[in-house]
Amino acid sequence: WRMANMLRNRDLPVATPLAVIEKYALGFIRTDSISLTEYVGDTIDLEAFLTREIASIPPLEQRRVKDQLILSVVRLLKAFHERGFIHRDMKAPNLLVRWAPPYHGSPLLVFIDMDGISHRRRSTESQRIRAVVRLCASLLASPGCTASDRLRFLKTYLTGPGKPPDEWKRFWRRIHDEVCAKLAHKEVRREWKLAHYGRE
């Protein structure tokens, strides 16, 4: 509830919070809570958009649509970080996309799942890169998001006044290494679950 209102007060797109229901024991020990938000209609999460919607677009139009989507995601992330927010679970399913065919103009992007968001005075480079790594890793299985798309995203994100034009190269290697490490860790956890529980 508080985080959603903080985002809205800083002009960041989030489902409007409507109410909070809390359960207490002994009159003062909170044991459970649930936050109710508006229903954001006509949306699809970013992963699903890049998996299903992109496939339905004529090949000659896909580049234009993906470039506009990359630009919109970069603008949102930059505003999110510049206003002091960090997200420990910045993955594609936590970002809704409202954008109707034929996909002209800019899409509306909306944050969901406030649990992973916190606010600091200023986000650090490490926190920002971690969010980018998490987002890239969450899209590795999506056929609509290629290595070239991830590179375009990174170059767009790292481009700006006062930044060396080739700075993206250093981060590209770092992000590639961190994504590979995350995938290796995920595979180790999957094998552990299979060995101990017989399922993932």
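This text goes with the structure placed above it.
Residues numbered from 1 in each chain as written. Predicted model: local features only at pLDDT ≥ 70, side-chain atom pairs only at ≥ 80, totals over all residues. Heavy atoms only, no water.

Section: the sheet that holds strand β5 (residues 95-98)
By way of backbone hydrogen bonds, the strands of a sheet pair with one another, either parallel or antiparallel. Pairing is antiparallel across the open sheet formed by three strands, whose spatial order is β3-β5-β6. Both outer strands of the open sheet, β3 (44-45) and β6 (108-111), are each paired with one neighbouring strand and no more. Sheet topology note: the β3/β5 ladder contains two bridges and is antiparallel. Following the sheet pairing, Ile44 is matched in β5 by Val97. Sitting on the sheet, helix α3 (residues 59-82) is in contact with β5 and β6, with an inclination near 40° to β6. (Pairing = 2+ DSSP bridges. Helix = DSSP H or I, 4+ residues; strand = E, 2+ residues; numbered from the N terminus. Contact = heavy atoms within 4.5 Å. Axes fitted to C-alpha atoms, helices over the stretch in contact; angles between N-to-C directions.)

Re helix α2 (residues 46-53)
Listing the buried residues of α2 in full gives Leu46, Ala48, Phe49 and Leu50. Each element contacted by the buried residues of α2 is listed here: β3, α3, β5 and α4 (125-138). The residue sitting at the N-terminus of α2 and contributing the capping side-chain oxygen is Asp45; that oxygen lies 3.0 Å from the backbone nitrogen of Glu47. (Buried < 20%, exposed > 50% of the residue type's maximum accessible area, 1.4 Å probe, protein only. Polar contact = N/O pair within 3.5 Å; in protein donor to acceptor, adjacent residues only side chain to side chain.)

Topic: α3
Under the 1.5 Å per step criterion, the end-to-end length of α3 is 35 Å for 24 residues, consistent within 8% with the ideal 34 Å. Two residues or fewer after α3 comes Gly84, characterised by a positive phi angle close to 90°. (Expected span 1.5 Å × (residues − 1).)

Examining the side chain of Ser72
Position of Ser72 relative to the elements: it lies in helix α3. By relative accessible area, Ser72 is classed as buried at 9%. If we ignore the near neighbours within four places in the chain, the residues touching Ser72 are Ser106, Pro107 and Leu109.

Things to note about empty space enclosed by the protein
In this approach a probe as big as a water molecule rolls over the atoms, and the regions it shows empty are the leftover space. Scanning all chains against the criterion turns up one cavity of 30 Å³ or more. Of the voids in this model, the largest cavity is the one considered here, and its volume is about 190 Å³. Along its surface, the largest cavity is lined by 14 residues, and Leu50, Ile70, Leu139, Cys145 and Phe153 are the ones closest to its centre. Mapped by element, the contributors of at least two residues to the lining of the largest cavity are α2, α3, α4 and α5 (147-158). For the lining of the largest cavity, the element with the highest residue contribution is α3, accounting for four residues. Here the residues of the lining of the largest cavity sort into ten nonpolar, one polar and three charged. (1 Å grid on protein atoms, 1.4 Å probe; cavity = no way out; pocket = protein on both sides within 12 Å on 5 of 7 lines; lining within 4 Å. Points joined across faces, edges and corners; volume = space filled by probe spheres on them. Nonpolar A, V, L, I, M, F, W, Y, C, P; charged D, E, K, R; others polar.)

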